[in-house]
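Listed below are the residues making up each chain.
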Amino acid sequence: MNILVTGGAGFIGANFVYFQLKNHPEDRIVCLDKLTYAGNLETLNEAMKHQNFRFVKGDIADRECVFNLFKEENFDIVVNFAAESHVDRSVENPEIFLLTNILGTQTLMDACRFYSIKRYHQVSTDEVYGDLPLDRPDLFFTEDTPIHTSSPYSASKASADLLVLAYARTFKLPVSITRCSNNYGPYHFPEKLIPLMISRALANESLPVYGKGENIRDWLYVEDHCSAIDLVMRKGREGEIYNVGGHNERTNLQVVKTILEILGKPETLINYVTDRPGHDMRYAIDPTKIHSELGWLPETTFDEGIKRTVEWYLNNKQWWQNILNGDYKEYYNKMYSNR
Ligand code: NAD
Ligand code: DAU
């Protein structure tokens, strides 16, 4: 199999590249990534040593680049991770989210049609379902939950999903979609909650918790997300959506306090700041379909995964410190100075 992984220099995409190289060494992996602020070629250093791995710098919305690559490579499967992925950035500047997340998806699917690719897999998110109320713990997102987005990010991901389903119906493109809950683990960019809190706590800096910290996310260790995508793109039914999540719900405050406890740092570091506009209250996935159809189950509990993650950040300081020393400082000051 020749597999195109877009966005493979980012958090989940890179973990997926390593998952493939480990579990399917016979397959060839080509990574197409624009190397935005969130892409980091250093993350792929080990992958570069594999014969079956190729990295190409390019934009999924650049038609010429995409079509040339498809012509050269003759892909069997295309997995699209490439996206602008941070909700807060989408509140600041929605446009790039529309360009990459919607038009980029369309460009890739046009190439898939032209070159008769066997499977186009779209990596989507539970955020397309909007949010659930805190006082209804009995409610979960199923694949039939209506789309009801809150942020420019989630609206762009939902638009892309609708386009994927339209290409399936109109052009008979063989597609699949996974909608996953919040991931955490190695190579997570330190603008997102968990790596942000770990890196700041290690430096004894204040931890900006939005609002009261009562919002709930359903955390999944990144390797479990990778195994779910791998199953769906190889064995999932064409034209289907599969929710991915492992019933690991935590309030943001619980997550932050757990990190402080593991690091032996005081809770006085917590700083409650102005809430995110349009902040989704609760995400919670019902993963019954992927479990019953494909036998998928997560392997890592939150307690185990968060310890492993903190350990990874302790052992790989250079990786995240390189990021914190760059343009990121400017970003942090801009986003958090008036909160
Ligand atoms: P990320 O921001 O860490 O990485 C995104 C990657 O895409 C980067 O390497 C970036 O350089 C690349 N990229 C951005 N624009 C591009 C373009 N136009 N052309 C080519 N490459 C481009 O994101 P992530 O957290 O790894 O998320 C990956 C995917 O998974 C996204 O589609 C996201 O919506 C989805 N998702 C993420 C989560 C999560 O918790 N992080 C959960 C569910 C779904
Ligand atoms: O649910 C899947 C989604 O999870 C993915 O589609 C997104 O790409 C991914 O970024 C993530 O979105 P969230 O908005 O849930 O993740 P984030 O890490 O930005 O925030 C998690 C929670 O923590 C959220 O309730 C906001 C809160 N938060 C976040 C930051 C960055 C804080 O309280 N303080 C912060 O500084």
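Below, the structure is looked at part by part. None of these values were measured; they are calculated from a predicted model.

### Quick look at the overall build of the protein
Here is step 1 of the chain: When helices and strands are counted, the protein shows 12 helices and 13 strands.
Here is step 2 of the chain: The C-alpha atoms of the protein give 19 Å as radius of gyration, which agrees with the globular expectation for 339 residues (20 Å, within 12%).
Here is step 3 of the chain: Taken across its 339 residues, the protein has 58% of its residues classed as buried.
Here is step 4 of the chain: Of note, the protein has its 36 positive side-chain charges centred 2 Å away from the centre of its 46 negative side-chain charges.

### Observations concerning the sheet that holds strand β5 (residues 119–125)
Here is step 1 of the chain: Pairing within the open sheet is parallel, and its seven strands lie in the order β3-β2-β1-β4-β5-β6-β11. Two strands close off the open sheet at either side, each with one partner strand: β3 (53–57) and β11 (240–244). Neighbour to neighbour, the strand axes of the sheet diverge by 20° on average, direction disregarded.
Here is step 2 of the chain: Bridge analysis of strand β1 (residues 2–6) against strand β4 (residues 77–80) gives four bridges, and the strand direction is parallel. Counted as the bridge partner of Leu4 is Val78 from β4.
Here is step 3 of the chain: Where helix α2 (residues 63–73) meets the sheet, its contacts fall on β1, β2 (28–33), β3 and β4, and the angle it forms with β2 comes to roughly 170°.
Here is step 4 of the chain: Strand contacts of helix α5 (residues 152–171): β5, β6 (175–180) and β11, with the helix running at about 155° to β5, the strand carrying the most contacts.

### Considering the side chain of Asp88
Here is step 1 of the chain: By the secondary structure assignment, Asp88 is in helix α3 (residues 87–92).
Here is step 2 of the chain: When near neighbours in sequence (up to four residues on either side) are disregarded, Asp88 contacts Tyr210, Arg276, Tyr331, Met335 and Tyr336.

### Thoughts on helix α6 (residues 193–202)
Here is step 1 of the chain: Of all 10 residues that make up α6, eight are buried, and the element is covered over most of its length.
Here is step 2 of the chain: Residues of α6 that are buried include every one of Ile194, Pro195, Leu196, Met197, Ile198, Ser199, Arg200 and Ala201, and no others.
Here is step 3 of the chain: Along its buried surface, α6 packs onto β7 (183–184), β8 (207–210), α8 (252–263), α10 (302–315), α11 (317–324) and α12 (328–336).

### A closer look at the packing of helix α4 (residues 95–114) against α5
Helix-helix packing is described using two parameters, namely the angle between the two axes and the distance between the axes.
Here is step 1 of the chain: Remark: α4 packs on α5, axes separated minimally by 8 Å, with the N-to-C direction vectors making an angle of 20°. Overall, the two elements α4 and α5 adopt an arrangement that is roughly parallel. When the axes of α4 and α5 are compared, the crossing they make is right-handed. Touching Phe97, Leu98, Asn101, Ile102, Thr105, Gln106, Met109, Asp110 and Arg113 of α4 are Tyr153, Ser156, Lys157, Ser159, Ala160, Leu163, Val164, Tyr167 and Phe171, all from α5.

### A short note on the side chain of His86
Here is step 1 of the chain: Turning to its location among the elements, His86 is positioned in the loop between β4 and α3.
Here is step 2 of the chain: Residues in contact with His86, not counting those within four places in the same chain, are Tyr37, Phe97, Glu191, Lys192, Arg276 and Tyr331.

### Some remarks on the pattern of salt bridges
Where charged atoms of side chains with opposite charge meet at close range, the side chains can pair.
Here is step 1 of the chain: Tallied over the entire structure, the rule returns 22 salt bridges.
Here is step 2 of the chain: Of the charged contacts, one joins Asp76 and Lys118 as a salt bridge, the two residues approaching to 2.5 Å between their closest N and O atoms. Note that Asp76 is positioned in the loop between α2 and β4 and Lys118 in the loop between α4 and β5, a separation of 42 residues in sequence.
Here is step 3 of the chain: Judged by its relative accessible area of 54%, Lys118 falls in the exposed class.

### Quick look at the layout of surface pockets
Here is step 1 of the chain: Size it by volume and the largest pocket reaches roughly 360 Å³.
Here is step 2 of the chain: Taken together, 15 residues make up the lining of the largest pocket; nearest its centre are Phe19, Lys22, Asn23, Glu223 and Cys226.
Here is step 3 of the chain: For the lining of the largest pocket, the secondary structure elements donating two or more residues are α1 (11–23) and α7 (222–235).
Here is step 4 of the chain: The space that makes up the second largest pocket amounts to roughly 300 Å³.
Here is step 5 of the chain: Residue lining of the second largest pocket: 16 residues in total, with Arg200, Glu205, Leu324, Tyr328 and Lys329 positioned closest to the centre.
Here is step 6 of the chain: Counting residues per element, the ones that place at least two in the lining of the second largest pocket are α6, α11 and α12.

Here is what the cut-offs are and how they apply
Residues numbered from 1 in each chain as written. Chains lettered and ligands numbered in written order. Predicted model: local features only at pLDDT ≥ 70, side-chain atom pairs only at ≥ 80, totals over all residues. Heavy atoms only, no water. Helix = DSSP H or I, 4+ residues; strand = E, 2+ residues; numbered from the N terminus. Rg over C-alpha atoms; globule rule 2.2 N^0.38 Å. Buried < 20%, exposed > 50% of the residue type's maximum accessible area, 1.4 Å probe, protein only. Lys, Arg positive; Asp, Glu negative; His and termini not counted. Charge placed at Lys NZ, Arg CZ, Asp CG, Glu CD. Pairing = 2+ DSSP bridges. Axes fitted to C-alpha atoms, helices over the stretch in contact; angles between N-to-C directions. Contact = heavy atoms within 4.5 Å. Parallel < 35°, antiparallel > 145°, perpendicular 65-115°, else oblique. Left-handed = near helix turned anticlockwise from the far one by under 90°. Salt bridge = Lys/Arg side-chain N within 4 Å of Asp/Glu carboxyl O. 1 Å grid on protein atoms, 1.4 Å probe; cavity = no way out; pocket = protein on both sides within 12 Å on 5 of 7 lines; lining within 4 Å. Points joined across faces, edges and corners; volume = space filled by probe spheres on them.

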